[in-house]
Amino acid sequence: MKNILYFIFLLTSITFSQTKEINITMEEILINSDIQELLDFENINYLKIRFSGDKLIGKKYELTVKEIWKGKVKSESEILNSETFPFEDWRKINDTILEISVISKLSKKKNLKMVFKTPRVKITKNFKATNSNDYHFTDLIDSNYEKVSVGNKFYLLSNALMYEYEGTFRTFVGGINNGDVLKWGEKYGIKHYLIFEMKFE
């Protein structure tokens, strides 16, 4: 499976958000139908996030997650914090670009395994999940566009179940089109989802 992930995937840009300080590009895989069927069968999602801008140089960064069950925030925890990286020269960004890749896999044991890879470290986290295999990534930049700057914590990404609307199941197009992201569970009847937040400082 690793060979598939690293050598067969072709990345294509799907989202580009630009602010005064930070540009954010989110990319997803574009692959042939046979490989897509395999990924669907294995319940794997993949996303690459690229941050760019002169203001990133010399900054630390932190990624946190809120876990929401039945409309309530049940936990908030840290995914990664560059300040805790083992070597001093790893703790601050030394370029105008930072890339983070995210892989998510749902197991048959109601476990959502997610891997976050930066240029310096790779972090694996496991979350309790539902029986459903309909988890999908959603870009949340538009939901809090004005907060995307150095020193502010902002919504970056969600990993959420599909929701039912007029008899069909849908994925979220973007946070701004669906109101307060922390109220999705209440508003759309979503049992479980994750909200990821990013901060540079």
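Scroll up to find the structure.
Describing the environment of Glu201
Next, step 1: Of note, Glu201 is situated in the segment after strand E13 (192-200).
Next, step 2: By relative accessible area, Glu201 is classed as partly exposed at 43%.
Next, step 3: Separated by 143 residues in sequence, Glu201 and Gly58 have C-alpha atoms that sit 8.7 Å apart.
Next, step 4: Among all residues touching Glu201, those that are not within four sequence positions of it are Lys59, Lys60 and Val150.

So, the pattern of salt bridges
Here the idea is simple: oppositely charged side chains can pair when their charged atoms come close.
Next, step 1: Summed over the entire model, instances satisfying the criterion amount to 8 salt bridges.
Next, step 2: Residue Glu99 is joined to Arg50 by a salt bridge in which the shortest nitrogen-to-oxygen separation is 3.1 Å. In this pair, Glu99 sits in strand E6 (residues 97-106) while Arg50 sits in strand E3 (residues 44-52), placing the two residues 49 residues apart along the sequence.
Next, step 3: Given the relative accessible area of 27%, Glu99 is considered partly exposed.
Next, step 4: With its nearest N and O atoms 3.8 Å apart, the salt bridge here joins Lys153 to Glu76. Of this pair, Lys153 sits in strand E10 (residues 153-161) while Glu76 sits in strand E5 (residues 72-81), and the two are 77 residues apart along the sequence.

Overview of the pairing of E13
Side chains on a regular strand alternate between the two faces of the sheet.
Next, step 1: Extensive coverage of E13 is indicated by the burial of 8 of its 9 residues.
Next, step 2: Pairing of strand E4 (residues 61-69) with E13, which is carried by 9 bridges, proceeds in the antiparallel orientation. Paired with Glu62 across the two strands is Lys199, which belongs to E13.
Next, step 3: Two strands pair when backbone bridges link them, and E10 and E13 are joined in this way by 7 bridges, in the antiparallel orientation. Bridge pairing in E13 links Ala160 to Tyr193.

A closer look at the packing of aromatic side chains
By convention here, two paired aromatic rings are described through the distance between centres and the angle between planes.
Next, step 1: A full pass over the atoms with the stated rule returns 6 aromatic pairs.
Next, step 2: Note on Tyr61 and Phe85: the rings are 6.1 Å apart at their centroids and 80° apart in plane angle, and the pair reads as edge-to-face. Of this pair, Tyr61 sits in strand E4 while Phe85 sits in the loop between E5 and E6; the two residues are 24 residues apart in sequence, bridging distant segments of the chain.
Next, step 3: Taking 6.4 Å as the distance between ring centres and 45° as the angle between the ring planes, the aromatic pair formed by Tyr61 and Phe200 counts as tilted. With Tyr61 in strand E4 and Phe200 in strand E13, this pair connects stretches of sequence that are 139 residues apart.

The rules behind these values
- Residues numbered from 1 in each chain as written.
- Predicted model: local features only at pLDDT ≥ 70, side-chain atom pairs only at ≥ 80, totals over all residues.
- Heavy atoms only, no water.
- Helix = DSSP H or I, 4+ residues; strand = E, 2+ residues; numbered from the N terminus.
- Buried < 20%, exposed > 50% of the residue type's maximum accessible area, 1.4 Å probe, protein only.
- Contact = heavy atoms within 4.5 Å.
- Salt bridge = Lys/Arg side-chain N within 4 Å of Asp/Glu carboxyl O.
- Pairing = 2+ DSSP bridges.
- Phe/Tyr/Trp six-rings, centres within 6.5 Å; stacked < 30°, edge-to-face > 60°.

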